[in-house]
Amino acid sequence: MRVATNITKVSKSNITKQKTPDGQKWAKRKKGRVKRKAKMLMGLKDNIGVSSRSNEREAIISLKRGDYRIAAGALGKIHSDGNTRTVKANENAYKKFSKKKGVGISRQQAKALVASGYKIAASRINSGAPKRKKKVPSVKWLVANFSHEETRYAFWWMRNEGKLESSSSWTIKTPSRRFLGASKEKTQKAWDRAFQSINYGRRRRR
């Protein structure tokens, strides 16, 4: 349990440093129109801990479920091992998003509309703009303001105009970003500290 607790701390440190247990830098985010400087997977740090399933023979380090849409353990495995999955058009482009602002369009959809040159009334972006003027919005603006119904209409209109190719499916690749565990050196230190804490191998003084 002492060793597992130490390895848990190292695993959290790996996320902070954005490196694998062996000290290798993680694969960078895919470049997009919107630059994101925030560190990756920081939300998983609070989920790492020693499992209640541990016993006197073994200590298990796991990820608690957390507030994610899927279990944190499943999310952690996807990022740790890497993942390749095929998404069908009806699973993404016409997903049932809420009509509230900020959740009606995914970043991937927004990028597709911006790249195809989709325009909206400039007055929606800037209230001082002429009413008849149209402008291509930014990905950030679309994600924050577009509703689900507007997204459906935008894709339908752009495809009818021949300005947006319709793909039945596409592949999403997630590179491996290992974080759970420690290097051989750090693991050995964890064992050494654990033995020292119980005075293992030391003779009792008279």
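Shown above is the structure to which this text applies.
Q: Just to check I follow, could you spell out the overall build of the protein chain for this structure?
A: Counting secondary structure elements, the protein chain contains eight helices and six strands. Order of helices (α) and strands (β) in the protein chain, N terminus to C terminus: α-β-β-α-β-α-α-β-α-β-α-α-β-α. The buried share among the 206 residues of the protein chain stands at 31%. Considering only intrachain contacts with a sequence separation of at least 6, the fraction spanning at least 24 residues in the protein chain is 67%.

Q: Would you mind going over helix α7 (residues 148-160) with me for this structure?
A: Helical geometry: 3.6 residues make up each α-helical turn, so side chains three or four residues apart lie on a common side. If you check α7, its first and last C-alpha atoms are 19 Å apart, about what 13 residues at 1.5 Å a residue would give, namely 18 Å. Restricting attention to buried positions, one finds in α7 the residues H148, T151, A154, F155 and M158. Along the axis of α7, the buried residues cluster in a sector spanning 125 degrees; they form a single face. G162, located one to two residues past α7, shows a positive phi value of around 75 degrees.

Q: Hey, could you run me through the packing of aromatic side chains in this one?
A: We describe a pair of aromatic rings using the distance from one ring centre to the other and the angle between the two ring planes. Per the counting criterion, the structure on display carries four aromatic pairs. With a centroid separation of 6.4 Å and an interplanar angle of 75 degrees, the aromatic rings of Y118 and F146 are classed as edge-to-face. Remark: F146 occurs in the loop between α6 (139-145) and α7 and Y118 occurs in the loop between α4 (107-116) and β4 (120-121); sequence separation between them is 28 residues. As far as burial versus exposure is concerned, Y118 and F146 are alike and both buried. Ring pairs connect the aromatic residues Y118, W141 and F146, which therefore count as one cluster.

Q: Whenever I open this one, the nonpolar core confuses me. Can you help?
A: Note that soluble globular proteins tend to have their nonpolar side chains buried in a common cluster. By size, the foremost hydrophobic cluster in this structure holds 15 residues, and its most contacted members are A110, L113, Y118, L142 and F146. Mapped by element, the contributors of at least two residues to this core are α4, α6 and α7. At four residues, α6 tops the list of elements feeding residues into this core. Counting 10 residues, the second largest nonpolar core, distinct from the first, contains M40, A72, L75 and F179.

Q: Would you explain the pattern of salt bridges in this entry?
A: Where charged atoms from two side chains of opposite charge approach closely, those side chains can pair. Counting across every chain of the model gives three salt bridges. A salt bridge links D81 to K77; the shortest N-O distance between them is 2.8 Å. Remark: K77 and D81 occur in helix α2 (residues 72-81); sequence separation between them is four residues, near one turn of the helix. Residue D81 is classed as partly exposed on the basis of its relative accessible area, which comes to 49%.

Q: What is the right way to look at the side chain of T20 in this model?
A: Mapping T20 onto the fold places it in the loop between α1 (2-17) and β1 (48-50). By relative accessible area, T20 is classed as buried at 11%. Every residue in contact with T20, bar those within four places of it in the chain, is listed here: N14, W26 and R178.

Q: Hey, could you run me through the packing of α4 against α7 in this one?
A: Relative placement of two packed helices is described by the angle separating their axes and the distance separating the axes. Close contact between α4 and α7 brings their axes to 11 Å; oriented N to C, the two are set at 40 degrees. One finds that α4 runs oblique with respect to α7. Between α4 and α7 the crossing geometry is left-handed. Contacts from Q109, A112, L113 and S116 of α4 reach α7 at T151, A154, F155 and M158. The class makeup of the residues in the contact of α4 with α7 is five nonpolar, three polar and no charged.

Q: Looking at this structure, how should I read a positive patch on the surface?
A: Positive charge collects at one region of the surface, where K9, K17, K19, K25, K28, K186, K189 and R193 lie side by side. Only α1 and α8 (184-197) provide two or more residues apiece to the positive patch. In terms of residues, the positive patch owes the most to one element, α8, which gives three residues. Tracing the backbone through its elements, the reader meets R193 in helix α8.

Q: What is the right way to look at a nonpolar patch on the surface in this model?
A: On the surface, W191, F195 and I198 cluster together to form a nonpolar patch covering roughly 300 Å² of accessible area. Tracing the chain through its elements places I198 in the segment after α8. The exposure class of I198 is partly exposed, given its relative accessible area of 48%.

Conventions and cut-offs
- Residues numbered from 1 in each chain as written.
- Predicted model: local features only at pLDDT ≥ 70, side-chain atom pairs only at ≥ 80, totals over all residues.
- Heavy atoms only, no water.
- Helix = DSSP H or I, 4+ residues; strand = E, 2+ residues; numbered from the N terminus.
- Buried < 20%, exposed > 50% of the residue type's maximum accessible area, 1.4 Å probe, protein only.
- Contact = heavy atoms within 4.5 Å.
- Expected span 1.5 Å × (residues − 1).
- Arc of directions from axis to C-beta.
- Phe/Tyr/Trp six-rings, centres within 6.5 Å; stacked < 30°, edge-to-face > 60°.
- Core = buried A, V, L, I, M, F, W, Y, C linked by side-chain atoms within 4.5 Å.
- Salt bridge = Lys/Arg side-chain N within 4 Å of Asp/Glu carboxyl O.
- Axes fitted to C-alpha atoms, helices over the stretch in contact; angles between N-to-C directions.
- Parallel < 35°, antiparallel > 145°, perpendicular 65-115°, else oblique.
- Left-handed = near helix turned anticlockwise from the far one by under 90°.
- Nonpolar A, V, L, I, M, F, W, Y, C, P; charged D, E, K, R; others polar.
- Patch = residues over 30% accessible without salt bridge, like charges linked within 9 Å, V, L, I, M, F, W, Y side chains within 5 Å.
- Areas by Shrake-Rupley, 256 points an atom, 1.4 Å probe, with all protein chains shown as cover.
- Lys, Arg positive; Asp, Glu negative; His and termini not counted.
- Charge placed at Lys NZ, Arg CZ, Asp CG, Glu CD.

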